[in-house]
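# Examination of the molecular architecture
These are the residues of each chain, in order.
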Amino acid sequence: MTTQRTVLAIDSGTQSVRAILFDERGNVLAEGRHAHQPLLRPEKGAVEQDTDDMWDSLVAACQACMEQIREQDLPMPQAAGLTSQRKLMICTDRNGDPLMPALHWLDKRTPKPKKTGFLARTVMALSGDEGLLSSLISLSQANMLQEVYPDIYDRAEHMLSLTGWFTHRLTGAYRDAAGSITGVYPYDVKTSSWRTTAALVDLLGYKLERLPEVVPAGAELGRVTLNSPITGTIVT
């Protein structure tokens, strides 16, 4: 076995998950891939994705890559990088177990306009573009969830992106990388942190305690737990 350092890249896309082992020069040493089951379409305009299938596909892709690593006597990865399709929302209980399939970026459902109080209207006026903020309110997956699945909305302890949920499954931590915060969130891209203006957070349908800790891109998200498919590595 060589002494070169390697990193595992995990990419969970709309159709499949790939796990690729790279050396320090960017050469591909091993690769595993596993296709997803078809998307769920419970009603007109609705698109969801089964969370068990997404996790099982990640495990299968990683195991296929690890099998090649062992067969070829390649160095095990010292770290793993995680990326995924954007704008998926996974609502979980306090243990991180999903309460329903993931809301998908292809979903066309939008909530009805919200009734706003004085404080909320003030926030909208101060934003300088009330039309834009109104559009963001209608595009918020949290607002849609509250309208279409009110029971799930009330029971949710965590609202996570796909990378945020994978991070929890792999490391036990509720963290996400700044580059993975996409879609409509009360998020300040300049400070890489959640906005704390209560009226704005409420307008977008969120509660800050349900959102994960945000870490800078490339920073450590956590250490992989013993029961994960890539035991012993650092996830970034």
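Quick note: structure is the one above.
Model, not experiment: these values are computed from the prediction.

### What to know about the pairing of strand S2 (residues 16–23)
The buried fraction of S2 amounts to six of the eight residues, a majority that puts the element mostly inside the structure. As defined by bridge partners, strand S1 (residues 6–12) adjoins S2 across seven bridges and the pair is classed as antiparallel. Bridge pairing in S2 places leucine 8 opposite leucine 21. Once S1 ends, the chain turns through three residues before running back antiparallel as S2. Linking S2 to strand S3 (residues 28–35), which pair antiparallel, is a turn of four residues; within it glycine 26 sits at a positive phi near 85°.

### So, the packing of helix H1 (residues 51–71) against helix H6 (residues 162–171)
Relative to each other, H1 and H6 sit at 60°, their axes nearing to 12 Å. For the pair H1 and H6, the crossing hand works out as right-handed. Taken together, the residues of H6 that come into contact with H1 (itself represented by Thr51, Met54, Trp55 and Leu58) are Leu162, Trp165, Phe166, Arg169 and Leu170. Of the residues in the contact of H1 with H6, the class split is seven nonpolar, one polar and one charged.

### Some points on the pattern of salt bridges
Summed over all chains, the structure comprises nine salt bridges. Salt-bridge contacts for aspartate 188 lead to arginine 195; the nearest nitrogen and oxygen are separated by 3.9 Å. Classification of arginine 195 by relative accessible area gives partly exposed; the value is 38%. Note that glutamate 220 is salt-bridged to arginine 223, the shortest N-O span being 3.0 Å. On the basis of relative accessibility, which here comes to 39%, the residue glutamate 220 falls in the partly exposed class. Here the salt bridges share partners, and the residues they tie into one network are Glu43, Glu48, Asp107 and Arg109.

Rules used in this analysis
- Residues numbered from 1 in each chain as written.
- Predicted model: local features only at pLDDT ≥ 70, side-chain atom pairs only at ≥ 80, totals over all residues.
- Heavy atoms only, no water.
- Buried < 20%, exposed > 50% of the residue type's maximum accessible area, 1.4 Å probe, protein only.
- Helix = DSSP H or I, 4+ residues; strand = E, 2+ residues; numbered from the N terminus.
- Pairing = 2+ DSSP bridges.
- Axes fitted to C-alpha atoms, helices over the stretch in contact; angles between N-to-C directions.
- Left-handed = near helix turned anticlockwise from the far one by under 90°.
- Contact = heavy atoms within 4.5 Å.
- Nonpolar A, V, L, I, M, F, W, Y, C, P; charged D, E, K, R; others polar.
- Salt bridge = Lys/Arg side-chain N within 4 Å of Asp/Glu carboxyl O.

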